[in-house]
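Letter by letter, the chains look like this.
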Amino acid sequence: MSLATPTLVTARLRLRPFAESDADELFALQSNAHVLRYWDSPPWTERTRADQFIVRSREMAEEESGVRVAIERDSAFLGWCTFNSWDPEFRSASLGFCLNEDAWGHGFATEAAGALLAWAFDTLDLNRVQAEADTRNAPCARVLEKLGFRLEGTLREDCIVNGDVSDSWVLGLLRREWKPVGSN
């Protein structure tokens, strides 16, 4: 089973493999303390982290452990979406995404994550996808719920970033519950 990083086109977005030319915009995103305030790691302080992220994105596909795509609209970088921790034996994986603050509230996260989920359910013998969200990040949880994820539990005090302790929700989506966004 191959995990070649796909290029996906939606009504408003293009999801594609990362390129070296994405590094500056990726660093701007991942170094923004406001965007990463609910993240499980601190904002980046070194530009080299962007280059490492892009290399690791390629390695994930080569190792067949996941795919990570850049999200763009009209050739402008909006963020990224990842399908990772793929386990073909358990037929499970995880989903994550991060978008620029200017892209919030426009449905882009739902559209991008929905496209990547559709690809994953169509391409792989997938049964379950899991996602986690900081309990303070209600908009992220709403995106996941729009995609059909169900709240399964809370990981208490599972993250400590710069001394700030936080809880995370665990949400899950099963193949039998999956309905592509926009379908009935």
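Preceding this section is the structure that the text describes.
Residues numbered from 1 in each chain as written. Predicted model: local features only at pLDDT ≥ 70, side-chain atom pairs only at ≥ 80, totals over all residues. Heavy atoms only, no water.

**Considering the pattern of salt bridges**
All told, the structure shown has 14 salt bridges when counted by the stated rule. Between arginine 47 and aspartate 51 there is a salt bridge, with its nearest N and O atoms 3.0 Å apart. Under the relative-accessibility criterion, aspartate 51 is labelled partly exposed at 36%. The partner of aspartate 164 in a salt bridge is arginine 136, and the shortest N-O contact between them spans 3.0 Å. Of the two residues, aspartate 164 is situated in strand E8 (residues 164-174) and arginine 136 in the loop between strand E6 (128-134) and helix H4 (138-146); the sequence distance between them amounts to 28 residues. The exposure class of arginine 136 is partly exposed, given its relative accessible area of 36%. Taken together, the salt bridges that share partners define one network made up of Arg14, Arg16, Asp22 and Glu72. (Salt bridge = Lys/Arg side-chain N within 4 Å of Asp/Glu carboxyl O. Buried < 20%, exposed > 50% of the residue type's maximum accessible area, 1.4 Å probe, protein only. Helix = DSSP H or I, 4+ residues; strand = E, 2+ residues; numbered from the N terminus.)

**Some remarks on the sheet that holds strand E2 (residues 14-17)**
Judged by pairing direction, the sheet is mixed, and its eight strands sit side by side in the order E1-E2-E3-E4-E5-E6-E8-E7 without closing on themselves. At either end of the open sheet lies a strand with only one pairing partner, and these are strand E1 (8-9) and strand E7 (150-161). The pairing of strand E3 (residues 67-73) with strand E4 (residues 76-87) spans seven bridges and is antiparallel. Along E4, the bridge assignment pairs glutamate 72 with phenylalanine 77. Packed onto the sheet, helix H2 (residues 48-63) meets E3 and E4 and runs at close to 125° relative to E3. (Pairing = 2+ DSSP bridges. Contact = heavy atoms within 4.5 Å. Axes fitted to C-alpha atoms, helices over the stretch in contact; angles between N-to-C directions.)

**Description of helix H3 (residues 108-123)**
Working note: α-helix, 3.6 residues per turn, so residues spaced by three or four point in the same direction. Taking 1.5 Å as the rise per residue, H3 with 16 residues should run 22 Å; its terminal C-alpha atoms sit 22 Å apart, in good agreement. Here H3 lies mainly inside the structure; 13 of its 16 residues are buried. (Expected span 1.5 Å × (residues − 1).)

**Looking at the layout of surface pockets**
As a volume, the largest pocket reaches approximately 1300 Å³. As for the largest pocket, its lining consists of 49 residues, and the residues nearest its centre are Trp39, Gly96, Phe97, Glu132 and Cys140. When residues of the lining of the largest pocket are traced back to their parent elements, those giving at least two are H2, E4, strand E5 (92-99), H3, E6, H4, E7 and E8. The element contributing the most residues to the lining of the largest pocket is H4, with seven residues. When its residues are assigned to classes, the lining of the largest pocket shows 23 nonpolar, 16 polar and 10 charged. (1 Å grid on protein atoms, 1.4 Å probe; cavity = no way out; pocket = protein on both sides within 12 Å on 5 of 7 lines; lining within 4 Å. Points joined across faces, edges and corners; volume = space filled by probe spheres on them. Nonpolar A, V, L, I, M, F, W, Y, C, P; charged D, E, K, R; others polar.)

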